[in-house]
Amino acid sequence: MLTSNAMHVLVAGSGWLGTAAARVLLARGDRVTAVVRTLQHAVRLRQDGIEGLCRDLAVPGATEDLPGDLDAILATHAAADTDVEAYRRAYLDVTGELLSLASRAGVPAMVVTSSTGVFGQTDGSTVDETTPVAPGGETASVLCEAERRVLSAASDRLRICLVRPSGLYGPGRTGLIERVRSGALALGPGDETWMNFCHRDDAVTVLIAALDRGRAGAIYHATDREPARRKNVIVWIAKRLKMTPPRREQGGDEAGEIRANRRVIGEATRSALGVELVFPNFRKGLARETVELRT
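Please read these numbers as outputs of a predicted model, since none were measured by experiment. (Residues numbered from 1 in each chain as written. Predicted model: local features only at pLDDT ≥ 70, side-chain atom pairs only at ≥ 80, totals over all residues. Heavy atoms only, no water.)

**Student:** Go over the overall build of the protein, please, and point to the residues and values.
**Tutor:** Secondary structure assignment for the protein yields 10 helices and 13 strands. Radius of gyration (C-alpha) of the protein: 19 Å, near the 19 Å computed for a compact globule of 295 residues. On the principal axes, the C-alpha backbone points of the protein span a range of 55 × 40 × 35 Å. Out of the 295 residues belonging to the protein, those deemed buried represent 49%. Taken as two groups, the 38 positive and 36 negative side-chain charges of the protein have centres that lie 5 Å from each other. (Helix = DSSP H or I, 4+ residues; strand = E, 2+ residues; numbered from the N terminus. Rg over C-alpha atoms; globule rule 2.2 N^0.38 Å. Buried < 20%, exposed > 50% of the residue type's maximum accessible area, 1.4 Å probe, protein only. Lys, Arg positive; Asp, Glu negative; His and termini not counted. Charge placed at Lys NZ, Arg CZ, Asp CG, Glu CD.)

Below is the structure:
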């Protein structure tokens, strides 16, 4: 049942993160319309009480027949692949369609997810919400272009802001643990690289707080309190799995992981939005999964 102060929220790109946010919004009494890529997903959402719609938001005019009585848009769409064209479709084409919808329908609030991937620093420096972006590749440059479009749309009529999650993990995403267990993430070159994480549930909390009370044109970071050295992550996970930490004497694992080396900070976000993290570090966030996945 809708409450007297309930909003009608469009969750655009309701994948792993967006679906979790949609369910929290529904649980607190909001009406939620969610746009997804597959009919099967839309049907599952409808069974939960969410108005699931199946369509490709990157197609010109895709938002023209979406509901016009929206109070807010939560844009959690992501690229379907890792190439530049997929990024352009997701972060430029889809964002453009959603901005058109917001303008046409007079939507007063909008939150758009980006990524801490806009920071390509390699020197281990600290980056916060005010640090200038430094894209380290073509896809990161697309993200930066999308951010500029979003921020330029902020006005007295459209309270739009950005949320940049760092490395997301949580229910259904145990890739970090599996990479240590398989040896894909191993000790060796790059041990001192900083890794940055945010549990899905904490990311949802930041997104909804930004939707409720974010400032127009603001940038927020969804990231935990304790960036961790790569070697410490590997050793902790291996210990939890009761195995010897894997080691690689030469080369590294994913090149992007070695190349990007920065501490992502989000204290200003948590203070401005009044957010308390349930999982302040990766150890607390992965405690249950590492026990369940022990060899």
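**Student:** Can you break down the nonpolar core residue by residue, with the values?
**Tutor:** Core analysis: the biggest nonpolar cluster contains 35 residues, and Val 9, Val 11, Leu 25, Leu 74, Val 111, Val 163 and Leu 211 have the highest contact counts within it. Per-element accounting of this core gives the leading share, eight residues, to helix H6 (residues 200-213). Contacts of Leu 211, omitting those with residues within four sequence positions, involve Met 7, Val 9, Leu 25, Ala 72, Ile 73, Leu 74, Ala 109, Val 111 and Arg 159. (Core = buried A, V, L, I, M, F, W, Y, C linked by side-chain atoms within 4.5 Å. Contact = heavy atoms within 4.5 Å.)

**Student:** Report on the pattern of salt bridges, specifying residues and quantitative values.
**Tutor:** Applying the stated rule across the entire model yields 17 salt bridges. Put simply, Asp 48 and Arg 23 hold a salt bridge, and the shortest N to O gap is 2.9 Å. Taken together, the residues Asp 48 in the loop between helix H2 (39-47) and strand S3 (51-54) and Arg 23 in helix H1 (residues 16-27) connect sequence positions 25 residues apart. Arg 23 gets classed as partly exposed once you look at its relative accessible area, which sits at 42%. Ionic pairing is found between Glu 51 and Arg 31, a salt bridge with its closest N-O pair at 2.7 Å. Separated by 20 residues along the polypeptide, Glu 51 in strand S3 and Arg 31 in strand S2 (residues 31-36) bring together distant segments of the chain. The exposure class of Glu 51 is partly exposed, given its relative accessible area of 32%. (Salt bridge = Lys/Arg side-chain N within 4 Å of Asp/Glu carboxyl O.)

**Student:** Just give me the short version of the packing of helix H5 (residues 175-182) against helix H7 (residues 230-240), but keep the residues and values in it.
**Tutor:** Relative to each other, H5 and H7 sit at 85°, their axes nearing to 10 Å. With respect to H7, the element H5 is oriented roughly perpendicular. Contact residues: Leu 176, Ile 177 and Val 180 in H5; Val 233, Ile 234, Ile 237 and Ala 238 in H7. Here the contact of H5 with H7 is composed, by residue class, of seven nonpolar, no polar and no charged. (Axes fitted to C-alpha atoms, helices over the stretch in contact; angles between N-to-C directions. Parallel < 35°, antiparallel > 145°, perpendicular 65-115°, else oblique. Nonpolar A, V, L, I, M, F, W, Y, C, P; charged D, E, K, R; others polar.)

**Student:** Would you mind going over H2 in detail, with residue names and values included?
**Tutor:** An α-helical segment advances 3.6 residues per turn. Residues three or four places apart therefore align on the same side. Restricting attention to buried positions, one finds in H2 the residues His 41, Ala 42 and Leu 45. Buried positions in H2, seen along its axis, are confined to an arc of 100° and lie on one side of it. Residues of H2 that are exposed and angled more than 90 degrees away from the buried face: Leu 39, Gln 40 and Gln 47. Structurally, H2 contributes buried residues whose contacts are with H1, S2 and S3. Note on H2: the residue one or two positions beyond its end, Gly 49, has a positive phi of about 100°. (Arc of directions from axis to C-beta.)

**Student:** Give me the lowdown on the environment of Pro 227, citing residues and values where you can.
**Tutor:** Looking at the element boundaries, Pro 227 is found in the loop between strand S11 (219-222) and strand S12 (228-229). We classify Pro 227 as buried; its relative accessible area is 11%. In this structure the C-alpha to C-alpha distance between Pro 227 and Asn 196, which are 31 residues apart in sequence, comes to 4.9 Å. When sequence neighbours within four positions are dropped, the list of residues in contact with Pro 227 reads Trp 194, Met 195, Asn 196, Arg 263, Val 264 and Ile 265.

**Student:** Before we move on, could you go through the packing of helix H3 (residues 84-105) against helix H4 (residues 138-152) and cite the residues and values that matter?
**Tutor:** Following both chains from N to C, one finds H3 and H4 inclined at 10°, their axes separated by 9 Å at the closest point. In terms of axis orientation, H3 runs roughly parallel to H4. Here Val 84, Tyr 87, Arg 88, Tyr 91, Leu 92, Thr 95 and Leu 99 of H3 come into contact with H4, specifically with Glu 138, Thr 139, Val 142, Leu 143, Glu 145, Ala 146, Arg 149 and Val 150. Of the residues that constitute the contact of H3 with H4, the class distribution is nine nonpolar, two polar and four charged.

**Student:** Give a detailed account of a negative patch on the surface, specifying residues and quantitative values.
**Tutor:** Residues Asp 81, Asp 83, Glu 85 and Asp 93 make up a contiguous surface patch of negative charge. With respect to the helices and strands, Asp 81 occurs in the loop between strand S4 (72-75) and H3. (Patch = residues over 30% accessible without salt bridge, like charges linked within 9 Å, V, L, I, M, F, W, Y side chains within 5 Å. Areas by Shrake-Rupley, 256 points an atom, 1.4 Å probe, with all protein chains shown as cover.)

Honestly, that's just the spatial picture; any functional story needs more than this.
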